Each structure stands twice: as structure tokens, then as C-alpha cells.
Amino acid sequence: MLKCLAPAAALLLALTAQAQEAGWPTKPIHFVVPFGPGGANDIVARTVAEATAKQLGQPIIIENKPGAGSMIGAAYVAKSAPDGYTFLTPAAGVITNALIKTRMPYAEDDLVPVVMMAVSPSVIVVPGDSPIKDLKGLIAASKKGQNLNFATAGTGSTPHFVAEMLKLRAGAKLQIVPYKSGSEGMAAVVGNQVDATSEASPVVLSMVKAGKLKAVASTWNRRIAALPDLPTAQEQGFSDVFIGHWSGVFAPKGTPEAILDKLNAAVNAALKTSELRAKLIPLAIDPTGGSREDFRKFLAGEKARLAPIAKAAQMKED
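It should be emphasised that the depicted structure is a prediction, and the values quoted were computed from it without experimental measurement.

Rules behind the numbers
Residues numbered from 1 in each chain as written. Predicted model: local features only at pLDDT ≥ 70, side-chain atom pairs only at ≥ 80, totals over all residues. Heavy atoms only, no water. Core = buried A, V, L, I, M, F, W, Y, C linked by side-chain atoms within 4.5 Å. Buried < 20%, exposed > 50% of the residue type's maximum accessible area, 1.4 Å probe, protein only. Helix = DSSP H or I, 4+ residues; strand = E, 2+ residues; numbered from the N terminus. Contact = heavy atoms within 4.5 Å. Phe/Tyr/Trp six-rings, centres within 6.5 Å; stacked < 30°, edge-to-face > 60°.

A. Expanded view of the nonpolar core. Judged by nonpolar contacts, the single largest core of 32 residues is most densely connected at Trp-24, Ile-29, Phe-31, Phe-87, Val-249 and Leu-263. Of all the secondary structure elements, the ones that give two or more residues to this core are β1 (29-33), α2 (40-56), β2 (60-64), β4 (111-127), β9 (244-252), α9 (257-271) and α10 (274-280). Those residues in contact with Phe-87 that sit more than four places away from it in its chain are Trp-24, Ile-29, His-30, Phe-31, Val-32, Val-77, Val-249, Phe-250, Ala-251, Ile-259, Leu-260 and Leu-263. Judged by nonpolar contacts, the second largest core, of 28 residues, contains Leu-174, Ala-217, Ala-310 and Met-315.

B. Highlighting the environment of Ala-284. Position of Ala-284 relative to the elements: it lies in the loop between α10 and β10 (286-287). The sequence separation of Ala-284 and Lys-27 amounts to 257 residues, and the corresponding C-alpha distance is 33 Å. Ignoring anything within four residues of it in the chain, the contact list for Ala-284 reads Val-119, Ser-120, Pro-121, Ser-201, Pro-202, Ile-224 and Ala-226.

C. Focus on the packing of aromatic side chains. All told, the structure shown has six aromatic pairs when counted by the stated rule. Each ring, one from Trp-220 and one from Phe-242, has its centre 4.9 Å from the other, and the planes form 20°; the classification is stacked. Of the two residues, Trp-220 sits in the loop between β8 (213-218) and β9 while Phe-242 sits in the loop between β8 and β9, which places them 22 residues apart along the sequence. Judged by relative accessible area, Phe-242 falls into the partly exposed class, the value being 22%. Taking the centre distance of 5.7 Å and the plane angle of 90° together, the rings of Trp-246 and Phe-298 count as edge-to-face. In this pair, Trp-246 sits in strand β9 while Phe-298 sits in helix α11 (residues 292-312), placing the two residues 52 residues apart along the sequence.

As C-alpha cells, this is what we get:
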């Protein structure tokens, strides 16, 4: 009798799980942002969460868990229950941390890619009153006298990778000056404490338009709509200086496939709405989207491209 009940109980559990997945979501969802409020990643996460919530019919709550180069928030999600109610919305650190850190608080496959949300090009900037006009001018100036000081947001940050690309691929002579955040590095350029930096386009946009910073190049594969006269590094002859501040959605390993597919579809639908695009595009943030496989391929490509740079630059955790 007990032997007969066992298969029946297993079937009941399976049917119950399928019913839960089919009805998902039945309560609020949490997007964990592994950075503080107000940055490019936080802006994207909040905007996409609001639009996606309308697609799913449940609120999406933003939780900021900054620290340790985004690893605090990432580890929190990696160790969360894979029930479809906790997701991570990180940036490049989710792949670059493993390139520079000797110990990680979670395994790489503990986080499953769901969908890419958006990308913001890096913008290489100098003080507003700098005589440097373009990327060639910046590289030429770095070779005269003492090296130029280039601010970054810490080891392994996107600005750090831009600086190393300029050194390794364009021959620039730069002294890297790490700050705790990109906003601090940008403020140092505005105050003429350092010579240059690179930051996400929405972070520097207002300062460029106000004349406090001068943009000399963007680092994505097309021009920024909000700065249409700014040529890309590729247009200026430096195709290897290429990187963006991207953000995406990841789930804890074990989250049901049906839920991952449903969230991917909801985010893609949200990214196509005129309301969301009207909020992000003027900030020089490009909504992306795509399939789960598209996102996996993008991540694999970024890791393969950035790993040699991290090795050549001997990047090590702070």
C-alpha cells in the first residue's frame, strides 16, 4: 500500500509545482541591486522593474545591497530560494569579479542569466577647460612629460578596464587613481584633481552639457543619441577600446525554467513600451532585451574579451 502511495505523492508534488509555476507570480517580486541608489544600474533596475510589474500584474520591489564590488548583493541572491521571487540586477562585476578575486562567496553557476536590460556606453571625459579635444589628443598628451592621472571606480570596475584598454591597446601612458565610486572619480575630474576618467553616459551627461566636463569619446559601437556629435573610440581609430555599462537580470540556480522564460518575456515586453523608452533613452541608456541565449552568449563573449586584459594588467582585488 505504501509503495503505491509513493508514486502518487511524487506526482502530486510535481503537479503542485507545475501549478505554482503556471500561476507565477502570486506575490511581490524582489530585484536586488548590488549598488547604492542613484547610479546607472539602480536607475535601469527601477525603471525596468516598474514597467515589468505592469506586465506581470505584481509589484517588483527594489532592494539595494551595495558593497564589495557588487558581491554582497550577488551572494545574497545566489543563496536565496530559487522560487522566482528574488532576482539580481547586476552590472559587469558579476563576471569580472571572478577574473580578479582569489575567493568568491558563491560559484559562478549559482546565478543564471535571465535577460539583458540595458547598456550605457562609457564616456571618456576630461575637465571642461582642458585643451584636450579628442581621444587622439588624450593619448598624445599622456605621452608628454608625466603620465596623465586617470580616475577609476576601483580595481576591476568598468572605468578601470577602459584605462587598461587605453594603455594596452592604444599606447596611452596613464597613472590609474582608484576612487570608491565612479561619482567620486568624476568629481575629481571636475575639480581638476585628476586629468581624465570614464563613466557611464547617464552619470556624466549633465556635467558634459553644463560644460564642467568635456567628452572626448564614447566606448560603445554606436554614437549616443543624447550626445550625437561625440564620436566613438572606434570612429577615432581605436576599435579595441570598447566596453559598456550593461545591466541584466539573474536568478538563483534552480529557479524553474518556466518562470525564467516568463520573466524574460515580461522584461522584453516592458523594454518595448514607449513609457520606459522615454525614461531611459534621454539619459543615454539603451534598452536592449533579447532571449536568454542571447544574454548567455553576450556574457561569454565579454568574459573571453576582458579576461586577457585583466591578466595583462595584473588586476588584483583591492
